[in-house]
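Per-entry structural report
Residues per chain are reported as follows:
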Number of protein chains: 2
Amino acid sequence: MKIFIAGIDGYLGWALAQYLTARGHEVAGNDVFLRRAWVAEVGSDSALPVYSIEERAAAFEAHFGKSLNFRQGDLLDYDFICNYLADFKPDAIVHLAEMPSAPYSMIDQKHAVLTQQNNVIGSLNLLWAMKEVCPDAHLVKLGTMGEYGTPNIDIPEGFFEVEFRGRKDRLPFPRQAGSFYHWSKVHDSNNTMFACRIWGLRATDIMQGVVFGTRIDEMGDDPRLRTRLDFDQCFGTAINRFCCQAVIGHPLTVFGGGKQRRGFLPLRDSMQCLTLTCENPPQRGEYRVFNQFEETYTIHELADLVKEVAEEAGLNPVVHCYDNPRQELAEHYYNPDRQHLIDLGYQPSHDVRAEVRIMLADLMPHKDRILAKQAILVPDIRWDGSRRRSEVIDAEPIKS
Amino acid sequence: MKIFIAGIDGYLGWALAQYLTARGHEVAGNDVFLRRAWVAEVGSDSALPVYSIEERAAAFEAHFGKSLNFRQGDLLDYDFICNYLADFKPDAIVHLAEMPSAPYSMIDQKHAVLTQQNNVIGSLNLLWAMKEVCPDAHLVKLGTMGEYGTPNIDIPEGFFEVEFRGRKDRLPFPRQAGSFYHWSKVHDSNNTMFACRIWGLRATDIMQGVVFGTRIDEMGDDPRLRTRLDFDQCFGTAINRFCCQAVIGHPLTVFGGGKQRRGFLPLRDSMQCLTLTCENPPQRGEYRVFNQFEETYTIHELADLVKEVAEEAGLNPVVHCYDNPRQELAEHYYNPDRQHLIDLGYQPSHDVRAEVRIMLADLMPHKDRILAKQAILVPDIRWDGSRRRSEVIDAEPIKS
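First things first, this report covers the structure right here in the doc. (Residues numbered from 1 in each chain as written. Chains lettered and ligands numbered in written order. Predicted model: local features only at pLDDT ≥ 70, side-chain atom pairs only at ≥ 80, totals over all residues.)

**Thoughts on the overall build of chain A**
If you tally the helices and strands in chain A, you get 13 helices and 15 strands. What you see for chain A is a C-alpha radius of gyration of 20 Å, in line with the 21 Å of a compact globule of 400 residues. Projected onto its principal axes, the C-alpha positions of chain A cover 65 × 65 × 40 Å. Within chain A, the proportion of its 400 residues that are buried is 57%. (Helix = DSSP H or I, 4+ residues; strand = E, 2+ residues; numbered from the N terminus. Rg over C-alpha atoms; globule rule 2.2 N^0.38 Å. Buried ≥ 20, exposed ≤ 12 C-beta atoms within 10 Å, placed from the backbone.)

Following this line, the structure appears as structure tokens:
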């Protein structure tokens, strides 16, 4: 298949380009390197070195025997994306070109506007470009499990049967997102659902859990093929951040009591799922939603797991709870479905420990890169729009 | 109370400024005259003359004995709106500054982007400005009944009790909007709900039906105080358009079979409801939703009603059905609640005929203005992104 990746230089995009190419698909993609700029803006850097796109392309060609079909440009540039799609003629488009951070979107008015502007208008441009240029292509759009929030009922995959005052209908499941970033994804889901209905586009909207991992097997040992790995408060997600902290001996930063439960999945599972989705497109006019995660865990469970694996690796980490800079429920019911991908053949890896072991081994050689940025490991972006470094509210004693 | 009107030069804004002032409230407001520009862009003009803001302000001062507190500026200009709100210190803000047309938002990519950009970013700026400058003020935000679409179950006011797989929760009612404009309003509703939750803002989100009418009593007889009245396919809503058509002897343009049912209300009811809402604010942190309409009617019922009243006035109109340029259900269940405003004292006027009689009398002297733009009375903006003038699919014979 011909698969277009919007945001091919990012954490998922760069891995997916390799995974799909290794499976024999023809890949193309765009990027404007905003992720690189945003991480620098918040004072951080990827724990694993990120090479220039020219170096990445050279390694890609050496490893896969194909040149990387890449153009620098933005979904906000409508003519650019129309032209690129018209030239490439994709069967599927994986849309990974959104600003992906909740805290970044909550910094201030400018960052909230940047987030919704980039995500909503970029995605709207992509829908229009598909309608104009490749209406038969399949849009695989990355949403987030965070769109649903934490309702007190089971979370189905996008739609549910409702009975209300004696009448029934099948309706979109209500969204209760927790940041301007998460809401931007809801807005995009709504626009996408609508475009499928009126224009007969086909789309799969991926409500993805939190991804962790430093590599997929397809990358081999060339460091230029490795994907980025962020550990700051904005772009570093829970397990990735915990592993980086463990490597330098910084307390693992659990926000609040850590009883928040979320869906997680390793990078390799994300690649497996996105590929299964591309290879099994819906009908024209169909808008379907997949919940994509390996399993649900509480944040504290995961911190404890990283701690144990780190101890086996000879490290001596502690887990500290910090007052939560976010506004989210401390404890809640959480039972999301994830049957659609299983039905397509998704085999969850079910071994977080093994993945964390690989991550720690990958990160140890880059300890100095993390140490250089350790000042930004404790969060200070608060949901009320202020900045205040979180305090430790529950400190685990350090073993002697 | 001190009430700020965003979009004070528009159809509702200009009427509301007068209605609130007549009730003794202190009013201020902004506008950048985009509605005037958009109506001109689609080749039309208001049936009632629209005077310059200077002429309007002079008439306002002559009639109400107060100068009009007005500044030209845009919600997209964050500093402008912060400064204005900081200076005025409103108790309530009525947000009427959105692009209000479904067909306009469906013209092409540029118009869809303009719509979501203007509405989503403008509203997001307003939320941030309130948080920074007047967090205790009450936001009265104009949504639309169109956010809900036409589900096969009753439509509550914003939220409903759900039972799903044996568990219960109170959740936002799912939205199924029918244009990029209507979706922009859903996006704004979601951002507003979130801002109330995290910042403790207070807001009432008005899901308003289709407004019709040429005047409110508070305007008196000065033509400079009259509000605009559009009749084109983008900004002319059903009854307003039918009255203008009846006045010049053009067939009343019903889209499809006319069995679509919607909520409608006269301009004077809209003013009554918005004022009741301002005068009865919610608690800090509360986000409440009011469905605001007088009654539901089918489009064909209303066309027939306008026809009958027009015949009484000596006109000789016919009703024609045109192939529907929109994508919407031809027939559907429709039973929305509207109890919240009734509980606050809303007294629905319940006399559409009387209102139409006034409208026809107001419009007759401006027959030539409508005749000058009659070329744009039949719609050609289609939901598939093309332009094609609708054909008559059911023509009523013209009486001799």
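Next comes the rest of the description.
**Structural notes on the sheet that holds strand β15 (residues 392-395) of chain B**
All names here are of chain B. Within the open sheet, the three strands sit side by side as β10-β14-β15. Their pairing is mixed. With one partner strand each, in any of the chains shown, β10 (252-255) and β15 form the two edges of the open sheet. The average undirected angle you get between the axes of adjacent strands in this sheet is 30°. Inspection of the sheet shows β10 paired to strand β14 (residues 319-322) by four bridges, in the parallel sense. Within the sheet, the bridge partner assigned to L252 lies in β14 and is V319. (Pairing = 2+ DSSP bridges. Axes fitted to C-alpha atoms, helices over the stretch in contact; angles between N-to-C directions.)

**Let's talk about helix α9 (residues 267-279) of chain A**
All names here are of chain A. With 13 residues, α9 should cover 18 Å at 1.5 Å per step; its first-to-last C-alpha distance of 18 Å lies within 8% of that length. Of all 13 residues in α9, eleven are buried; the element is thus mostly enclosed. Looking at α9, one finds that the buried residues are L267, R268, D269, S270, M271, Q272, C273, L274, T275, T277 and C278. (Expected span 1.5 Å × (residues − 1).)

**A look at the pairing of strand β11 (residues 261-266) of chain B**
Residues and elements named next belong to chain B. Here β11 lies mainly inside the structure; six of its six residues are buried. Where burial is concerned, the two faces of β11 agree: the one with R261, G263 and L265 and the one with R262, F264 and P266 are both buried. Taken together, the three bridges between strand β9 (residues 210-212) and β11 define a ladder with parallel strand orientation. In the sheet register, V210 faces β11, and the bridge partner there is F264.

Everything listed here is a matter of coordinates, which is why it stays silent on function.
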